[in-house]
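# Structural overview for review
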Amino acid sequence: VLAIEEHVHGPRHLEVATTLTNLATVKIALGEKEESKELFERAVGIMERECGPKSHRLVGLLRNLGNLYGDLGDVARMKDLLGRAVAIIECSYGPDHRELAAILPNLAVAHGMLGSPSDAVPFLERALLIQLREGSAASNGDVASTIVNLARAHGR
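This text gives an overview of the structure that appears in the document. Everything numeric here is computed off the predicted structure, so don't read it as measured data. (Residues numbered from 1 in each chain as written. Predicted model: local features only at pLDDT ≥ 70, side-chain atom pairs only at ≥ 80, totals over all residues. Heavy atoms only, no water.)

## What about the pattern of salt bridges?
- Under the definition given, this model contains 7 salt bridges.
- In this structure, Lys-33 engages Asp-71 in a salt bridge whose closest nitrogen and oxygen atoms are separated by 3.9 Å. Here Lys-33 is found in helix α3 (residues 33-51), whereas its partner Asp-71 is found in helix α4 (residues 59-71), with 38 residues between them in sequence.
- Owing to a relative accessible area of 29%, Lys-33 belongs among the partly exposed residues under this scheme.
- A salt bridge links Arg-84 to Glu-48, with the shortest nitrogen-to-oxygen separation between them at 2.6 Å. Taken together, the residues span a long stretch of sequence, with Arg-84 in helix α5 (residues 75-93) and Glu-48 in helix α3 at a distance of 36 residues.
- The exposure class assigned to Arg-84 is partly exposed, which follows from its relative accessible area of 25%. (Salt bridge = Lys/Arg side-chain N within 4 Å of Asp/Glu carboxyl O. Helix = DSSP H or I, 4+ residues; strand = E, 2+ residues; numbered from the N terminus. Buried < 20%, exposed > 50% of the residue type's maximum accessible area, 1.4 Å probe, protein only.)

## Notes on the nonpolar core
- Judged by nonpolar contacts, the single largest core of 43 residues is most densely connected at Leu-20, Leu-62, Ile-103 and Leu-104.
- Listed by contribution, the elements that provide at least two residues to this core are α2 (14-29), α3, α4, α5, α6 (100-113), α7 (117-134) and α8 (140-153).
- No other element matches the 8 residues that α5 contributes to this core.
- Ignoring sequence-local partners within four residues, the contact set of Leu-20 consists of Leu-2, Leu-39, Arg-42, Ala-43 and Ile-46. (Core = buried A, V, L, I, M, F, W, Y, C linked by side-chain atoms within 4.5 Å. Contact = heavy atoms within 4.5 Å.)

So, in structure tokens, the structure goes:
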């Protein structure tokens with residue numbers, strides 16, 4: 001499918017980016033994280049060129065790629081990518097948008113893993129407020145996990 005889309009649309013088309021993203025997701029499920037990373041990186045490059053570096057269409061890719069970098073042990077890169085996704089959402093929709101509830105806890109974890117648990121607190125507090133405000137949009141498990149991570153960040 002990828003080869004056909006690259007032939008028909010060219011290697012930098014948005015359809016190619018979508019296929020790369022889908023393939024990357026499959027590679028993660030198969031445990032092929034390095035291959036997935038390369039596919040996500042290509043998709044991000046295409047999206048940046050075609051939609052701009054601050055496009056909301058990048059958020060899901062940045063989030064997935066950031067979490068993948070965390071799984072691969074590159075927590076600094078994870079933090080950078082998740083921070084970029086947060087900035088895009090904040091610019092597009094404001095600081096309390098519901099989509100942040102899924103990214104802020106992971107960004108907080110990155111801060112904690114980089115040795116600054118106290119830096120994680122504001123991200124976790126924001127995530128918790130958004131989760132509680134959204135009610136049914138956030139699962140009880142998300143809220144509980146955020147509370148536990150917040151307690152840990154406070155050293156309790």
